[in-house]
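# Coordinate analysis (summary)
Here are the chains, one letter per residue:
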Amino acid sequence: GIGYRDVPLFVAGSLLPDLMARVPPLALELLARPLGGVPPWLSYVWVPMHLPAGMLVLAFSLSLLFPAEARRRVFANLLGGMALHLGVDLLQDHLGVGYQLLFPWWGQPFELGVYGSEASVWVAPFLAAAALTVWWRRRRDASA
């Protein structure tokens, strides 16, 4: 079953789509700026890490780094966090850009557009405070 020890895996899964799709192109651009920048394809090659197909490959690949008996649990938690990330992203309005959910088989973009993508800037501090409170209480209760 899923236990408290799996929370870090789930949280890592929720962070990985942005870390893998956004950070490498930004880092490459900063490093290559003195050389005139990077070709656009080098930035776009990371985009699938933010789509279901890339998330599946990433969760599977990372689960292989764990002992065989933990791989299924690691894969499920990483993928669960990634699914939560994608679900929250699909609720956002990205100025009509959307997500190609069935990439590479179908390129039709999709998003629900319930709220703007900037809304998370206002909500994130409250969610972080709530998460820290729960973590602190669980840690306190475990040591008691």
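Residues numbered from 1 in each chain as written. Predicted model: local features only at pLDDT ≥ 70, side-chain atom pairs only at ≥ 80, totals over all residues. Heavy atoms only, no water.

Each pair of packed helices can be described by the angle between their axes along with the distance between the axes. Interhelical geometry of helix 1 (residues 7-32) versus helix 4 (residues 71-91) gives an angle of 50 degrees and a closest axis separation of 7 Å. In this view, helix 1 runs oblique relative to helix 4, as classed from their interaxial angle. Helix 4 is crossed by helix 1, and the crossing has right-handed handedness. Contacts between helix 1 and helix 4 involve Leu9, Phe10, Ala12, Gly13, Ser14, Leu16, Pro17 and Asp18 from the first element and Arg73, Val74, Asn77, Leu78, Gly80, Gly81, Met82, Leu84 and His85 from the second. Here the residues of the contact of helix 1 with helix 4 sort into 9 nonpolar, 6 polar and 2 charged. (Axes fitted to C-alpha atoms, helices over the stretch in contact; angles between N-to-C directions. Helix = DSSP H or I, 4+ residues; strand = E, 2+ residues; numbered from the N terminus. Parallel < 35°, antiparallel > 145°, perpendicular 65-115°, else oblique. Left-handed = near helix turned anticlockwise from the far one by under 90°. Contact = heavy atoms within 4.5 Å. Nonpolar A, V, L, I, M, F, W, Y, C, P; charged D, E, K, R; others polar.)

On to the environment of tryptophan 136, then. With respect to the helices and strands, tryptophan 136 occurs in helix 5 (residues 119-143). Remark: the alpha-carbon pair of tryptophan 136 and tyrosine 115, spanning 21 residues in sequence, is separated by 31 Å.

Here we come to helix 5. The terminal C-alpha atoms of helix 5, which comprises 25 residues, lie 37 Å apart, in line with the 36 Å expected from a rise of 1.5 Å per residue. Along helix 5, the sharpest kink reaches roughly 25 degrees, centred on proline 125. (Expected span 1.5 Å × (residues − 1). Bend = angle between axes of the 7 residues up to and from the residue.)

In short, the description is geometric, and any link to function would need to be established separately.
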